[in-house]
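The primary structure of each chain is shown beneath.
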Amino acid sequence: MVALSKPPIEQFFVKPSKPNTNPLIIPSIPLIDLAKPDSKHQLVKACQDFGFFKVVNHGVPKRFINKLESEAVKFFSSPLSVKEKAGPPDPFGYGNKSIGRNGDVGWVEYLLLNAKLESDYQRYLSVFEENPEIFRGVVNDYVTAVKKMACEILELLADEMKLQPRNVFSKLLMDEESDSVFRVNHYPPCPEFQENERNGRKLVGFGEHTDPQIISVLRSNNTSGLEISLRDGSWMSVPADSDSFFINVGDSLQVMTNGRFKSVKHRVVANSRKSRVSMIYFGGPPLSEKIAPLTSLMQGEEDSLYKEFTWFEYKKSAFNSRLSDNRLGLFEKIVAS
């Protein structure tokens, strides 16, 4: 294996966050109880106003969550020489500090997997020497449950927006060719950067970006670090909550709703004292799926804000860009003045 050159330490820092321009208005993360009748309305409002929210009564068994987190912690506690047997990512596999192919780095190690249950996990299973099939079973149980919850949310959104059929979004995740992925991130503690924290500098775990897929479902342990960008350009820290799931609107869903739903820019800052483990399901459409605003949503003379593209075209463009780039910019229609 070719050793990667060590990134300059300055690449792991971001400038102190811009303060909220109106400290009297402190937004809060929408909390939605999926078991309540008014959840549909709240879901649509959260997608429009924030592009980000958390859900409770989500139906994902606690035992699935605990088992997967336990396996993840076990994997990331292994010696680097063992973990690297599952790398480098191409795109699936184990990665460490380097994110993507364009120079982005973060204080993170991760395991990226294809979310298809029939995928060949042999390359990764060899790392789990005790009983590799346990890991495969735990991942499959978790992904199946989280995918079901994601589809339920997408169908509730369609119901509230009076879209037919109600699986107009969820069918893309359920399709046999769905290009969905599953990622487990580990942000190790970094005590040597405590002095920088005291000086207001933040250690980048995962740089600012939007998610290109339709919907993202995130769960993390009880360590904070996730931040979302507000409309005034300031960054808001998301309080840790290991019992809830956090949901992100993806770029593709923003396009399909012609900008009604917002794909929020977010990032993770690492911690000098505590490790953070997160697990994210990215629900994506088939590679050949055409992504464009739904005609049933277009009102009157409303124009499409985006050019039509396939998920393959957008995915290729997104992963050839830097994390912080405006990935949808290339696909926006230029409106004549």
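The protein chain goes by gibberellin 2beta-dioxygenase in an unreviewed UniProt entry, where it is assigned to Cynara cardunculus var. scolymus. What UniProt states about the protein chain under its Sequence similarities (unreviewed entry) heading is, verbatim, "Belongs to the iron/ascorbate-dependent oxidoreductase family. GA2OX subfamily." According to its UniProt record, the protein chain has this under Catalytic activity (unreviewed entry): "gibberellin A1 + 2-oxoglutarate + O2 = gibberellin A8 + succinate + CO2".

Draft legend 1. Structural detail: helix H1 (residues 39-49). When H1 is considered as a whole, its buried residues turn out to be Ser39, Leu43, Val44, Ala46 and Cys47. Down the axis of H1, the smallest arc covering the buried residues is 160 degrees, so these residues share one side. Of the residues one or two after H1, Gly51 is the one with positive phi, at around 75 degrees.

Draft legend 2. How the structure looks around the pattern of salt bridges. Under the counting rule described, the total for this entry stands at 14 salt bridges. Salt-bridge contacts for Asp179 lead to Lys315; the nearest nitrogen and oxygen are separated by 2.8 Å. In this pair, Asp179 sits in the loop between helix H6 (170-174) and strand S6 (181-187) while Lys315 sits in helix H9 (residues 311-319), placing the two residues 136 residues apart along the sequence. Exposure remark for Asp179: the relative accessible area of 13% places this residue in the buried category. What makes Lys315 partly exposed here is its relative accessible area of 24%. In this structure, Glu302 engages Arg260 in a salt bridge whose closest nitrogen and oxygen atoms are separated by 2.9 Å. Of this pair, Glu302 sits in the loop between strand S14 (290-291) and strand S15 (309-310) while Arg260 sits in the loop between helix H8 (251-256) and strand S12 (266-269), placing them 42 residues apart in sequence.

Draft legend 3. Structural context of the sheet that holds strand S5 (residues 104-114). Ordered in space as S2-S3-S11-S8-S13-S6-S5-S4, the eight strands form an open sheet in which the pairing is mixed. Edge strands, defined here as strands with exactly one partner in the open sheet, are strand S2 (31-33) and strand S4 (93-99). Each strand of the sheet is rotated relative to its neighbour by a mean of 25 degrees, with strand direction disregarded. Examined bridge by bridge, S5 and S6 share six bridges and lie antiparallel to one another. Each residue of the ladder has a partner; that of Tyr110, found in S6, is Asn185. The strands that H1 touches are S2, strand S3 (52-56) and strand S11 (245-249); relative to S2, the one it contacts most, it runs at about 155 degrees.

Draft legend 4. Summary view of the packing of aromatic side chains. For the structure shown, the criterion picks out nine aromatic pairs. Ring geometry for Tyr142 and Phe182: centres 5.6 Å apart, planes at 50 degrees, overall tilted. Placement of the pair is Tyr142 in helix H5 (residues 132-160) and Phe182 in strand S6, with a sequence separation of 40 residues. Ring plane angle 40 degrees and centroid distance 6.4 Å describe the contact between Tyr142 and Phe245, whose orientation is recorded as tilted. Taken together, the residues Tyr142 in helix H5 and Phe245 in strand S11 connect sequence positions 103 residues apart. For the pair Tyr142 and Phe245, one class covers both residues: buried. Pairwise contacts between aromatic rings join Phe309, Trp311, Tyr314 and Phe331 into one cluster. It is Arg183 that lies over the ring of Tyr110; its NZ or CZ is 3.9 Å from the centre.

Draft legend 5. Broad picture of helix H2 (residues 62-76). With 15 residues, H2 should reach 21 Å at 1.5 Å per residue; the first-to-last C-alpha distance of 21 Å fits that figure. Within H2, burial applies to Phe64, Ile65, Leu68, Glu71, Ala72, Phe75 and Phe76. When H2 is viewed along its axis, its buried side chains cluster within an angular range of 140 degrees and face the same direction.

Draft legend 6. Quick peek at the environment of Asp303. Counting through the fold element by element, Asp303 comes out in the loop between S14 and S15. Relative accessible area serves as the criterion here: at 59%, Asp303 is assigned to the exposed category. A C-alpha to C-alpha distance of 9.5 Å links Asp303 and Lys333, two positions 30 residues apart in sequence. Not counting residues within four places of it along the chain, the set of residues in contact with Asp303 comprises Asn258 and Met298.

Criteria and cut-off values
Residues numbered from 1 in each chain as written. Predicted model: local features only at pLDDT ≥ 70, side-chain atom pairs only at ≥ 80, totals over all residues. Heavy atoms only, no water. UniProt positions renumbered as here; feature names shortened; annotations may be inferred. Buried < 20%, exposed > 50% of the residue type's maximum accessible area, 1.4 Å probe, protein only. Helix = DSSP H or I, 4+ residues; strand = E, 2+ residues; numbered from the N terminus. Arc of directions from axis to C-beta. Salt bridge = Lys/Arg side-chain N within 4 Å of Asp/Glu carboxyl O. Pairing = 2+ DSSP bridges. Axes fitted to C-alpha atoms, helices over the stretch in contact; angles between N-to-C directions. Contact = heavy atoms within 4.5 Å. Phe/Tyr/Trp six-rings, centres within 6.5 Å; stacked < 30°, edge-to-face > 60°. Lys NZ or Arg CZ within 6 Å of the ring centre and 35° of its normal. Expected span 1.5 Å × (residues − 1).

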